[in-house]
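Summary of structural features
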Amino acid sequence: MAATSRGTAPEPPDVRPRLTVLSGPSGVGKSTVVAHMRKVHPEVWLSVSATTRMPRPGERDGVQYHFVTDDEFDKLVANGELLEWAEFAGNRYGTPRRAVLERLEAGEPVLLEIDLQGARLVRESMPEAQLVFLAPPSWEELVRRLTGRGTEPPEVIERRLEAAKIELAAESEFDTTLVNTSVEDVARELLALMQVV
Ligand SMILES: Nc1nc2c(ncn2[C@@H]2O[C@H](COP(=O)(O)OP(=O)(O)O)[C@@H](O)[C@H]2O)c(=O)[nH]1
Ligand SMILES: Nc1ncnc2c1ncn2[C@@H]1O[C@H](COP(=O)(O)OP(=O)(O)O)[C@@H](O)[C@H]1O
């Protein structure tokens, strides 16, 4: 018999994707898109990763990243404090576990901006996560953006472009691809995927 009285009908299942992973090659515009998204919707929560990479000019500890030493990163790994971590272009990056789980338990949407290896690890440990790939309009435009950013010396750019080839080849592993032609459009699409708007 169907439940008809108010209050006894089952709640519709909560199908909102709570954990969203954004990945894409270095220089594609991940940080730019996320910054725009948070300007429009400051309530969107983005996990702040730990990294052994040196801060770029203008980057502040605790804002873009928690900048840590190799020893400190070793301790985070040994103590099980990272949900996932990976080595990317000679530095290590990891997602602090506790803050992410707290927000997920509170039913709040969570965004991780992590590399391909991290996205694969999240897919294994949290299959309900939605994986979004940010792609460049073209290879030439990716090179232009990464070089034009002016934050890395040529040998680091080369290393990141090598990684980019591997990442671009893995696009089909993701649930959705967004092409970063317009920052505003991509930010809007990402917010819609996260069901924030
Ligand atoms: N696996 C993993 N990757 C991360 C994490 N934080 C950042 N990354 C990725 O590490 C890569 C390098 O980041 P970064 O040095 O800031 O360079 P950018 O992507 O060119 O701005 C990017 O693909 C990031 O998405 C993390 O916590 N875990
Ligand atoms: N849609 C876009 N059109 C043109 N330039 C962009 C666009 N998105 C980002 N950029 C520029 O590309 C460069 C790399 O962007 P960034 O957000 O640092 O990439 P990522 O975080 O993926 O490494 C920056 O100089 C940024 O201003």
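Residues numbered from 1 in each chain as written. Chains lettered and ligands numbered in written order. Predicted model: local features only at pLDDT ≥ 70, side-chain atom pairs only at ≥ 80, totals over all residues. Heavy atoms only, no water.

An unreviewed UniProt entry annotates the protein as Guanylate kinase originating from Streptomyces gobitricini. As recorded by UniProt, the Catalytic activity (unreviewed entry) comment attached to the protein reads in full: "GMP + ATP = GDP + ADP". (UniProt positions renumbered as here; feature names shortened; annotations may be inferred.)

Take the side chain of R92 next. Along the chain, R92 falls in strand β6 (residues 91-96). The exposure class of R92 is buried, given its relative accessible area of 13%. Within the structure, R92 has its side chain in polar contact with the side chain of D74 (distance 3.0 Å). Setting aside its immediate chain neighbours within four residues, R92 contacts A50, T51, T52, D70, F73, D74, W85, A86 and E87. (Helix = DSSP H or I, 4+ residues; strand = E, 2+ residues; numbered from the N terminus. Buried < 20%, exposed > 50% of the residue type's maximum accessible area, 1.4 Å probe, protein only. Polar contact = N/O pair within 3.5 Å; in protein donor to acceptor, adjacent residues only side chain to side chain. Contact = heavy atoms within 4.5 Å.)

For the rest of this paragraph, the subject is the sheet that holds strand β5 (residues 82-88). With mixed pairing, the four strands of this open sheet are ordered in space as β4-β3-β6-β5. The outermost strands of the open sheet, each flanked by one partner alone, are β4 (66-67) and β5. In this sheet, β6 lies alongside strand β3 (residues 50-51) in antiparallel orientation, the contact comprising two bridges. Bridge pairing in β6 links T51 to Y93. Packed on one face of the sheet, helix α3 (residues 97-105) meets β5 and β6 and runs near 35° to β6. (Pairing = 2+ DSSP bridges. Axes fitted to C-alpha atoms, helices over the stretch in contact; angles between N-to-C directions.)

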